[in-house]
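Architecture and fold: a report
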Amino acid sequence: MQKRKEKIKFGIVSVISLCVFFGVWYLCTAVLHLKPDYVLPSPVQVVEAFFEKLTQTAPDGATLGGHILASLQVALTGYLLGAVIGIPLGIAMAWFRKVDMFVTPLFDLIRPVPTIAWIPLMILWFGIGLGAKAAIIFVSAFVPCVINAYAGIKQTKPVHLWVSQTFGASRREMLFTVAIPTALPLIFTGLRISLGTAWMTLCAAEMLASNRGLGYMIQLNRTLARADLIVVAMLTIGVIGTIFTVGLDALEKKFVKGGRRG
């Protein structure tokens, strides 16, 4: 009952905060006209542009749905590859000393390089198609997944390993029954961080080399001074990111014992 009350309270506060945000936005634009419409459109103009963009391809060559599908294809391809490769690698680095000694120097060399710096190289290697953008997303998602999986395994308490070993568990069984379950909260944290960096990197990649996608939509409409469509694309990215975050939270509650119960 207490948790239900907390959820209701949180929902009410969330709705109020959104109402205040959109109310201030409407006041500054539609009432006070602090900025011209082509610089800062009102919420009403953004909503109108949103519904128009659902069916119209002008001025950027695709409907909003087409841009969303193009971005999702790239984002999910790179993100899933980064998670599928990064998480096992982080676990292996933390659990096996020889893997850690071999991989860590190379990983520490690559990790500080900003993801944006990979864009020109990926374009030279793969062109401007799906492969280049997915490779850039892969790099952005890969690093947080490795770091958090590594940290999660390393935080396993030695006493838990000793107890499982006392009961006859092999090293492989200790990994899968003790270490990985302990690391799951941090692994999911890495997945959430990777999701945010993946969307940021995707927009940057599409702004530089693409002919479709939400980042491309933002870039092209910037040159056309269509701030309403820019805001539509930005809000769309925010909504999609929120949906994926909610999905990750649901998975965490399902698979992580004692996980977040919000």
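So, here's what we can say about the structure. The shown structure was predicted, so the numbers you read here are calculated from the model rather than taken from an experiment.

Details of the pattern of salt bridges
For the structure on display, the rule yields five salt bridges. A salt bridge links Lys53 to Asp60; the shortest N-O distance between them is 2.5 Å. Judged by relative accessible area, Lys53 falls into the buried class, the value being 2%. Of the charged contacts, one joins Glu252 and Arg192 as a salt bridge, the two residues approaching to 2.8 Å between their closest N and O atoms. With a gap of 60 residues between them, Glu252 in helix H10 (residues 227–255) and Arg192 in helix H8 (residues 171–208) connect regions that are remote in the sequence. Taking the relative accessible area as the measure of exposure, Glu252 reaches 4% and is therefore buried. Several salt bridges share partner residues, and in doing so they unite Arg192, Asp249 and Glu252 into one network.

Some remarks on helix H1 (residues 2–31)
Each turn of an α-helix holds 3.6 residues, which means side chains three or four residues apart point in the same direction. The terminal C-alpha atoms of H1, which comprises 30 residues, lie 42 Å apart, in line with the 44 Å expected from a rise of 1.5 Å per residue. Once H1 ends, the next one or two residues include His33, with phi positive near 50°.

Things to note about the packing of helix H3 (residues 64–95) against helix H4 (residues 97–110)
Two numbers describe how H3 lies on H4: the axes approach to 5 Å, and their chain directions differ by 115°. Every residue of H4 that contacts H3 at Leu89, Ala92, Met93 and Trp95 is listed here: Arg97, Val99, Asp100, Val103 and Thr104. Its residues assigned to classes, the contact of H3 with H4 shows six nonpolar, one polar and two charged.

What about a positive patch on the surface?
A surface patch of like charges, here positive, comprises Lys3, Arg4, Lys7 and Lys253. A per-element tally of the positive patch places H1 first, with three residues. Mapping Lys7 onto the fold places it in helix H1. Given the relative accessible area of 48%, Lys7 is considered partly exposed.

What counts, and at which threshold
Residues numbered from 1 in each chain as written. Predicted model: local features only at pLDDT ≥ 70, side-chain atom pairs only at ≥ 80, totals over all residues. Heavy atoms only, no water. Salt bridge = Lys/Arg side-chain N within 4 Å of Asp/Glu carboxyl O. Buried < 20%, exposed > 50% of the residue type's maximum accessible area, 1.4 Å probe, protein only. Helix = DSSP H or I, 4+ residues; strand = E, 2+ residues; numbered from the N terminus. Expected span 1.5 Å × (residues − 1). Axes fitted to C-alpha atoms, helices over the stretch in contact; angles between N-to-C directions. Contact = heavy atoms within 4.5 Å. Nonpolar A, V, L, I, M, F, W, Y, C, P; charged D, E, K, R; others polar. Patch = residues over 30% accessible without salt bridge, like charges linked within 9 Å, V, L, I, M, F, W, Y side chains within 5 Å. Areas by Shrake-Rupley, 256 points an atom, 1.4 Å probe, with all protein chains shown as cover. Lys, Arg positive; Asp, Glu negative; His and termini not counted. Charge placed at Lys NZ, Arg CZ, Asp CG, Glu CD.

Shape descriptors only; they carry no functional weight alone.
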